[in-house]
Amino acid sequence: MEIDKTIQDGITVLNIKGRLISATSTALEERINAEMDIDNKLILNFAGVDFMASSGIRTLLAATKRAQAEEGVLILVNVSPTVLNVLEMTGLRKFLDIR
């Protein structure tokens, strides 16, 4: 998995590419936490994510809870139909800001 950082309109965007599985979700969680330590507004660009396992769901849930607790913003963009289906099946979609 690759995670590249860009800034768009003053907001940090993490561009994620690859499979979000147990072996990679920890790295994503650490990166999200590091970015949220700086600013609690974050966009996750899922355009390059083609698969997400349960560990990825846990990572997104933890990040969402942190953003809400800190009155921050966590937005997911460009979510593929495959990943969106996983989020819908688990009921997590209603808790996420997906655009």
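Draft legend 1. Structural view of helix α3 (residues 81–90). Taken residue by residue, α3 has Val 83, Leu 84, Val 86 and Leu 87 as its buried positions. Burial along α3 is one-sided: seen end-on, the buried residues are contained in an arc of 155 degrees. Opposite the packed face of α3, turned more than 90 degrees from it, sit the exposed residues Pro 81 and Met 89. Against the buried residues of α3 lie β3 (41–52), α2 (54–69), β4 (73–77) and β5 (97–98). Phi turns positive one or two residues past the end of α3, at Gly 91, with a value near 80 degrees.

Draft legend 2. Region of the structure containing the pairing of strand β2 (residues 11–20). One ladder, built from 7 bridges, connects strand β1 (residues 2–8) with β2; its direction is antiparallel. The partner of Lys 5 across the bridge, within β2, is Leu 14. Two successive antiparallel strands, β1 and β2, enclose a turn made up of 2 residues, where Asp 9 displays a positive phi of approximately 50 degrees.

Draft legend 3. Inspection of the packing of aromatic side chains at higher detail. The tally for this structure, following the rule as stated, stands at 0 aromatic pairs. In this arrangement the basic side chain of Arg 19 is found over the ring face of Phe 51, its NZ or CZ atom lying 4.4 Å from the centre.

Draft legend 4. Looking closely at the pairing of β4. With 4 of 5 residues buried, β4 lies mostly within the body of the structure. Both β3 and β4 contribute to a ladder of 5 bridges, which runs parallel. Counted as the bridge partner of Leu 44 is Leu 76 from β4. The parallel pair β3 and β4 is bridged by α2, and the resulting crossover is right-handed. In this sheet, β5 lies alongside β4 in parallel orientation, the contact comprising 2 bridges. Note on β5: the bridge partner recorded for Ile 75 is Asp 97. For the crossover that starts at β4, traverses α3 and ends in the parallel β5, the hand is right-handed.

Draft legend 5. Structural view of the side chain of Asn 15. Summarising the element assignment, Asn 15 is placed in strand β2. A distance of 3.4 Å separates a polar atom in the side chain of Asn 15 from a polar atom in the side chain of Thr 6. A polar contact of 3.0 Å, which involves the side chain of Asn 15, links it to the side chain of Asn 45.

Cut-offs applied
- Residues numbered from 1 in each chain as written.
- Predicted model: local features only at pLDDT ≥ 70, side-chain atom pairs only at ≥ 80, totals over all residues.
- Heavy atoms only, no water.
- Buried < 20%, exposed > 50% of the residue type's maximum accessible area, 1.4 Å probe, protein only.
- Helix = DSSP H or I, 4+ residues; strand = E, 2+ residues; numbered from the N terminus.
- Arc of directions from axis to C-beta.
- Contact = heavy atoms within 4.5 Å.
- Pairing = 2+ DSSP bridges.
- Phe/Tyr/Trp six-rings, centres within 6.5 Å; stacked < 30°, edge-to-face > 60°.
- Lys NZ or Arg CZ within 6 Å of the ring centre and 35° of its normal.
- Right-handed = clockwise from strand over helix to strand, strands pointing away.
- Polar contact = N/O pair within 3.5 Å; in protein donor to acceptor, adjacent residues only side chain to side chain.

So yeah, pure geometry; function would need other evidence.
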